[in-house]
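Chains, contacts and geometry: an overview
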Amino acid sequence: MENQLKIQIWSDVMCPFCYIGKRKIEEALNQFENKNSVAIEWKSFQLDPSFVATPNESIVDHLAEKYRKNSDWAQTMIDNMTENAKKSGLDFRFEKAILANSLNAHRLLHLAKKHNLSNELEELLFKAYLTDGKDVNDLKTLESLGLEVGLEKEAIENVLNTDLYANEVRQDQEEAQSIGVTGVPFFVFDNKYAISGAQATEVFLKTLEKSWEEGNFDTKLKLQNTTDENSCGIDGCE
């Protein structure tokens, strides 16, 4: 497609700000007159590749232990995140959340990318974890979500029963590291401008317009927002 503006988004399905960021970029695109000439590529970023879930561990207990705080502090953090999500029309239900390693979800997303269905599967995975209380490392759950977006059962099983696309997940992580990504969501606009975190819709819209108007793209990233807020990193969400 001529004049196609490409947006790469590094994200983890376990990251609440990534779901909010998805809504923010969608809101911006709805206001962007050239939205039909924009292509989004989702890239894998695991916040904790070595994570092993503890059965029945609540997210409150997990955050309290992770940050060495009490449960009241963790609950306040969760409540604030929930209210933030509501502003974007999202219904976070952390009390139902099942903590999980996201590698298998990312591998399935690479299959979806191959069939131009990654955006649809990202949406279902975010909702599954953050709203519906589903285990996004459970193979039957992943198969069901894959089928829902239109992937073939045999192809899904071939991914989930092997290590297919594990290298692609690692490559995305290495690419993120090479350009200085330390937290997600992280958005790159045609290799020229970058936005870190789930920033205001206006920030995304202005960057879309600037990228489109300039037309000629170079490879040097110019960070449009340097705050660490509204994103998740390996040490947690801010």
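Higher on the page you've got the structure.
Quick caveat: nothing in here was measured; it's all calculated off a predicted structure. (Residues numbered from 1 in each chain as written. Predicted model: local features only at pLDDT ≥ 70, side-chain atom pairs only at ≥ 80, totals over all residues. Heavy atoms only, no water.)

Space inside the largest pocket adds up to approximately 550 Å³. Met-14, His-62, Leu-63, Lys-66 and Leu-99 are the residues nearest the centre of the largest pocket, which is lined by 30 residues in total. Broken down by secondary-structure element, the contributors of at least two residues to the lining of the largest pocket are helix 2 (59-67), helix 3 (71-86), strand 7 (232-233) and strand 8 (236-237). Counting residues per element, the lining of the largest pocket draws most heavily on helix 2, which supplies six residues. (1 Å grid on protein atoms, 1.4 Å probe; cavity = no way out; pocket = protein on both sides within 12 Å on 5 of 7 lines; lining within 4 Å. Points joined across faces, edges and corners; volume = space filled by probe spheres on them. Helix = DSSP H or I, 4+ residues; strand = E, 2+ residues; numbered from the N terminus.)

As enumerated under the stated definition, the model contains one cavity of 30 Å³ or more in all. Of the volumes computed, that of the largest cavity is approximately 50 Å³. Taken together, Trp-42, Lys-43, Ser-44, His-106, Leu-109, His-110, Lys-113, Ser-118, Glu-122 and Asp-172 make up the lining of the largest cavity. Of all the elements in the fold, those that place two or more residues in the lining of the largest cavity are strand 2 (38-44), helix 4 (103-114) and helix 5 (118-130). With four residues, the top contributor of residues to the lining of the largest cavity is helix 4.

For the structure shown, the criterion picks out seven aromatic pairs. Between Phe-32 and Trp-212 the ring centres are 6.1 Å apart and the planes differ by 80°, which places this aromatic pair in the edge-to-face class. With Phe-32 in the loop between helix 1 (16-30) and strand 2 and Trp-212 in helix 9 (residues 201-214), this pair connects stretches of sequence that are 180 residues apart. On the basis of relative accessible area, Trp-212 is assigned to the partly exposed category, the value being 24%. Three or more aromatic residues joined by ring pairs form one cluster here, namely Tyr-19, Trp-42, Phe-92, Phe-94 and Phe-126. Sitting over the face of the ring of Tyr-193, Lys-210 holds its NZ or CZ atom 5.1 Å from the ring centroid. (Phe/Tyr/Trp six-rings, centres within 6.5 Å; stacked < 30°, edge-to-face > 60°. Buried < 20%, exposed > 50% of the residue type's maximum accessible area, 1.4 Å probe, protein only. Lys NZ or Arg CZ within 6 Å of the ring centre and 35° of its normal.)

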